[in-house]
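Below are the chains, spelled out letter by letter.
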Amino acid sequence: MFSKQETQQLKKEFWTAFGKSFPRKWILYDTKIKDLSFKFYADNKKAAVSLDIEMKDEVFRNAYYEKIWSLEDILKDFIGDFQKEEHFALDNGKVISKIWVEKHNVSIFNKNTWQETFEFFREKMDGFERFYYEYEDFIKDV
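Rules behind the numbers
Residues numbered from 1 in each chain as written. Predicted model: local features only at pLDDT ≥ 70, side-chain atom pairs only at ≥ 80, totals over all residues. Heavy atoms only, no water. Pairing = 2+ DSSP bridges. Helix = DSSP H or I, 4+ residues; strand = E, 2+ residues; numbered from the N terminus. Axes fitted to C-alpha atoms, helices over the stretch in contact; angles between N-to-C directions. Expected span 1.5 Å × (residues − 1). Buried < 20%, exposed > 50% of the residue type's maximum accessible area, 1.4 Å probe, protein only. Arc of directions from axis to C-beta. Contact = heavy atoms within 4.5 Å.

Trainee: Would you mind going over the sheet that holds strand β3 (residues 83–89) with me for this structure?
Mentor: Note on sheets: strands pair through backbone hydrogen bonds, and any given pair is parallel or antiparallel. Taking strand neighbours across the sheet as the criterion, the four strands line up as β1-β2-β4-β3 in an open arrangement whose pairing is antiparallel. Two strands lie at the open edges of the sheet, namely β1 (36–42) and β3, each paired on one side alone. Strand-to-strand twist of the sheet, defined as the mean angle between neighbouring strand axes without regard to direction, takes the value 25 degrees. In this sheet, strand β4 (residues 95–104) lies alongside β3 in antiparallel orientation, the contact comprising five bridges. Looking across to β4, one finds that A89 is bridged to V95.

This is how it looks when you write it as structure tokens:
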């Protein structure tokens, strides 16, 4: 088990190593659509790349989700199989819509799995971004 300080240091090393392995500017929050963003996630059991639709207004959130969902087969061509949830509850209770891919059996606390995680991040986020750039005008037209 790691102390809180050791955990923070390891997480910092993980994200720094990822940035050095793949030094590029990702879209992430720069989608030009408020509250629609791409995210990386890693913990002690898995890694994930997601598209989070976080509008407070449920009508807008659902409209963007439906737009993207209408491109399901195309998105699958870019990122492979994925999970989706129209009403995904975050730990803080906020409800968002989420589309994501996961890689299991990797850990931010196991340096032996870092490169595998970084490759997963690069491949899946690149797919999400290429999809978004290709269909950005369609998605934005809500």
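Trainee: Before we go on, may I ask you to explain helix α1 (residues 4–21) in this structure?
Mentor: One turn of an α-helix holds 3.6 residues; hence residues three or four places apart share an orientation. Helix length check: α1, at 18 residues, gives a terminal C-alpha distance of 26 Å against a target of 26 Å (1.5 Å per residue), a fit within 8%. Taken residue by residue, α1 has T7, L10, F14 and F18 as its buried positions. Seen end-on, α1 carries its buried residues on one side only, within an arc spanning 70 degrees. Looking at α1, the residues exposed on the side facing more than 90 degrees away from the buried face are Q5, K12 and K20. Elements in contact with the buried residues of α1: β1 and α4 (114–140).

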